[in-house]
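Structure assessment
The residues making up each chain are set out below.
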Amino acid sequence: MSQNRRDFLKTIAAIGASGTALSAVTPKKLKAGPTNILSDERMGVLVDTTVCIGCRKCEWACQGAHDIEQKDFDTYQHDDTFNKDRRPSAQNLTVVNKYFEDDNPITAKLQCMHCDHPACVSACIVGAFSKQENGSVIWDTDKCIGCRYCMVACPFQVPSFEYDKALNPKITKCDFCFDRTKEGKLPACVEICPVEALTYGKREDLILEARKRIKNNPEKYHNHIFGEHEVGGTAWLYLGPKDFTTDNVFPKLGNNTAPGVSESIQHGLFAYFVPPVAVYALLGGIMWLSKDRDSKKENK
Amino acid sequence: MRLFKLAVLISFIFSFQLFAQIENLKTHSQMNLDCKKCHICDTPTKANPCLVLCPRNKIESVRHSPEEGPDNIVLNEIKSEKDLYQPVHFTHKLHAEMSLMAGGCSTCHHFNPPGKIVKCITCHNTERSRADISVPDLKAAYHRQCMGCHKTWEEKTECESCHALNTTKKSKLVSKPSMENVHPKITIPTKIVYETNTEEGKLVTYFHNDHTSLFGLECTDCHTQESCANCHNQKPNFVSSKANEDEHARCSSCHDTENNCSKCHKNELTKPFDHFAKTGFALTGFHATNDCSNCHKVKNKFTGLKKDCIYCHKNDDGLFDHQITGVKLDETHSEFECTDCHAKNNYLAKPSCADCHDDYSFPNEVPGEKVK
């Protein structure tokens with residue numbers, strides 16, 4: 001999977017040299033396709049915001065697991081953090097915010113939702129992003145050229161950029177603790193959560209469990225699993241007492257996949273190199289017409 | 001004819017058996033159930049039904065006294081990669097005692113099978129990474145139980161109110177986890193005046209101490225569905241939204257709150273309960289410390305008793321049981337009429353021995369044997 005910049009440039013050069021003719025012949029084989037697996041066995045996390053106590057231990061553990069500087073863990077409790085609405089950043093890949101402050105407030109953890117049809121994977125022009133078999137949406141920092149298209153594409157505005165770094169700034173986001181889960185460990189946030197507001201499991205099991213919780217406690221839960229269908233489904237699923245979109249926990253999103261429309265237009269347009277050929281033909285035609293007219297003028 | 005009778009008899013027996021079978025069908029053994037759903041072993045017996053302890057769908061009512069459980073428990077079953085905190089020393093007995101005012105053992109020991117109370121670890125897995133995610137793991141189970149109440153009054157997450165830090169670093173937080181098994185002394189109110197929104201009889205004067213010390217009520221007789229936050233909430237913001245009958249629920253278990261409103265609802269403050277003013281029988285001496293129920297034996301019925309001592313203090317012969325006063329009359333004295341010694345029916349004044357004897361005086365010399 002890992003590929004350094006030189007390899008990448010070589011690939012581009014090779015495609016540039018021999019590409020056009022070949023691609024017209026065998027478009028399917030060389031069509032830009034990053035790893036984008038939608039496994040039935042993919043994992044997910046069920047976030048039960050009615051259980052979350054807002055201790056922010058997940059933020060602390062996440063920083064530890066990603067070699068980000070941690071503060072003293074007892075400073076994470078009862079400070080004024082909840083006064084402002086925070087977004088995931090390079091220093092905090094996950095953040096806990098307080099919502100519905102007026103009545104029955106909840107605390108909810110935000111991070112990458114690990115979409116089933118990730119817009120970032122689709123938008124990434126160098127194929128650095130990928131959806132892995134276990135559900136994680138990760139990216140290859142060596143491939144990344146820092147174009148920040150992923151940030152624009154993400155419906156949840158999750159990827160963030162190290163703007164404060166002058167040299168070698170990187171794209172950052174939650175990677176579902178890909179390195180930890182590979183070793184059979186739990187994601188750091190799931191492991192530390194004192195009340196198991198975060199339940200790690202197979203996505204389909206989590207949906208069944210979430211439905212059961214709603215059925216058994218209809219007065220406690222808003223009858224909707226956020227992430228089950230939103231933007232085509234996400235690995236992280238949320239349960240809460242109210243509709244999350246009413247207090248901007250999440251934006252109002254349809255059930256269509258985020259890359260669905262854009263991909264069909266783009267892939268349709270560029271299939272078999274029709275638009276470039278058409279543009280060149282058009283330009284050639286104009287040239288041919290105007291050339292003829294110019295010669296007529298000179299003859300006069 | 002004989003044959004017919006036999007046929008009737010046989011059909012009767014069969015029909016009976018048929019009914020018996022229908023009856024049997026109602027029991028679970030005849031129903032289409034998976035035995036393993038309730039029994040752990042292959043051959044359950046009556047002596048050892050080997051019932052599954054959990055999960056149970058219904059909360060079973062379990063009732064045990066706090067003394068039956070452990071005093072303090074160190075909750076050290078969970079080990080993680082890196083323990084940030086030391087195990088909690090859980091004051092079980094203290095919590096059990098307080099729970100009597102809020103739903104009893106099943107407040108925490110939910111889904112408990114009848115009989116013995118099972119530990120949390122019986123149903124809740126110590127491993128977070130597990131197959132069955134429908135039951136929270138042990139760490140979550142503990143924290144959810146604790147935070148369910150503790151957060152309602154603290155309104156913040158303060159890990160160190162229960163956990164000591166696992167580092168040498170000193171905690172910045174002031175509050176220290178208490179390992180003592182006693183609840184801080186509760187200030188019991190004496191008089192509470194309720195201002196109600198009724199037009200006539202706005203004030204209800206409630207003498208709490210009368211109910212506890214005089215009427216001998218235990219805390220749990222009235223406080224059955226309390227929330228911890230009722231006392232522990234640091235900034236109480238109660239808005240009474242209870243319906244009329246809810247407001248009266250505590251009183252109506254003894255008082256008739258449907259009628260007789262004016263008995264409690266007055267326009268001015270009332271005085272504490274005075275037995276003499278109400279009944280003409282002053283509660284003096286031993287009677288002052290006596291529980292109401294010692295004399296008023298029928299529950300909630302306080303009428304019909306007579307003032308005569310003998311009405312309550314009767315011995316087997318139907319006579320006054322003099323022993324109750326601390327003096328068991330000897331054979332000679334027990335023959336007398338009461339008024340022979342207690343002049344003018346005044347039983348509070350010391351009897352006069354000098355009426356009969358020359359050189360005797362009560363209580364230096366007693367007409368019998370001192371008991372007690």
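See the structure above.
The model shown is predicted, which means the values in this text are computed figures rather than measured ones.

When helices and strands are counted, chain A shows 10 helices and nine strands. Every one of the 300 residues in chain A was classed for burial, and the buried ones make up 47%. The contacts of chain A with a sequence gap of at least 6 include a subset with a gap of at least 24, amounting to 61%. Of the accessible surface of chain A, which amounts to about 16,500 Å², a share of 55% is contributed by carbon and sulfur atoms.

With that settled, the discussion passes to the pairing of strand 4 (residues 203-207) of chain B. Residues and elements named next belong to chain B. Counting buried positions along strand 4 gives four out of five residues, so the element sits mostly inside the fold. Of the pairings in the sheet, the one linking strand 3 (residues 191-195) to strand 4 comprises five bridges and is antiparallel in character. Bridge assignment links Val193 to a residue of strand 4, and that residue is Thr205. In the sheet, strand 4 pairs with strand 5 (residues 265-266) via two bridges, with the strands oriented antiparallel. If you follow Val204 over to strand 5, its bridge partner there is His265.

All names here are of chain B. Residue placement: His89 occurs in strand 2 (residues 88-90). Among the residues examined, His89 registers a relative accessible area of 37% and is labelled partly exposed. The spacing of His89 and His163 is 74 residues in sequence and 8.1 Å in space, taken between C-alpha atoms.

One open sheet holds the three strands; their spatial order is 3-4-5 (chain B), and the pairing between them is antiparallel. Bordering the open sheet on either side are strand 3 and strand 5 of chain B, each of which pairs with just one other strand.

For the rest of this paragraph, the subject is empty space enclosed by the protein. Counting across every chain of the model gives four cavities of 30 Å³ or more. Classifying every residue of the lining of the largest cavity gives 11 nonpolar, one polar and three charged.

Let us now look at the nonpolar core. Residue and element names in this part refer to chain A. Counting residues in hydrophobic clusters, the biggest one holds 41 residues, and the most contacted among them are Val45, Phe156, Leu198, Trp236, Tyr238 and Phe250. Among the elements of the structure, strand 1 (43-48), strand 2 (95-99), strand 3 (106-110), helix 7 (188-192), strand 8 (198-202) and strand 9 (236-239) are those that each provide at least two residues to this core. Discounting residues that sit within four places of it in the chain, Leu198 has contacts with Val45, Leu46, Val47, Lys109, Cys189, Val190, Cys193 and Trp236.

The partner chain A presents 29 residues to the 26 residues of chain B that form the contact. Both sides of the chain B and chain A interface together cover about 2,300 Å² of buried area, and 54% of this is carbon and sulfur. The salt bridge partner of Glu196(A) is Arg128(B), with a shortest N-O separation of 3.7 Å. If you look at where chain B meets chain A, you find 10 residue pairs in polar contact (both at pLDDT 80 or more). Here the side of chain B that touches chain A is composed, by residue class, of nine nonpolar, four polar and 13 charged.

Another point: the pairing of strand 3 of chain A. Residues and elements named next belong to chain A. Counting buried residues along strand 3, five of its five residues qualify, which places the element largely inside the surrounding structure. What you see with strand 3 is no split at all: Ile106, Ala108 and Leu110 on one side and Thr107 and Lys109 on the other are buried throughout. Looking at chain direction, strand 2 and strand 3 are connected through five bridges and run antiparallel. Its bridge partner lying in strand 3, Val96 is registered against Lys109. Counting the residues in the hairpin turn of strand 2 and strand 3 gives six residues, including Phe100, whose phi is positive at 50 degrees.

Analysis parameters
- Residues numbered from 1 in each chain as written.
- Chains lettered and ligands numbered in written order.
- Predicted model: local features only at pLDDT ≥ 70, side-chain atom pairs only at ≥ 80, totals over all residues.
- Heavy atoms only, no water.
- Helix = DSSP H or I, 4+ residues; strand = E, 2+ residues; numbered from the N terminus.
- Buried < 20%, exposed > 50% of the residue type's maximum accessible area, 1.4 Å probe, protein only.
- Contact = heavy atoms within 4.5 Å.
- Areas by Shrake-Rupley, 256 points an atom, 1.4 Å probe, with all protein chains shown as cover.
- Pairing = 2+ DSSP bridges.
- 1 Å grid on protein atoms, 1.4 Å probe; cavity = no way out; pocket = protein on both sides within 12 Å on 5 of 7 lines; lining within 4 Å.
- Points joined across faces, edges and corners; volume = space filled by probe spheres on them.
- Nonpolar A, V, L, I, M, F, W, Y, C, P; charged D, E, K, R; others polar.
- Core = buried A, V, L, I, M, F, W, Y, C linked by side-chain atoms within 4.5 Å.
- Buried area = accessible area lost by both parts, 1.4 Å probe.
- Salt bridge = Lys/Arg side-chain N within 4 Å of Asp/Glu carboxyl O.
- Polar contact = N/O pair within 3.5 Å; in protein donor to acceptor, adjacent residues only side chain to side chain.

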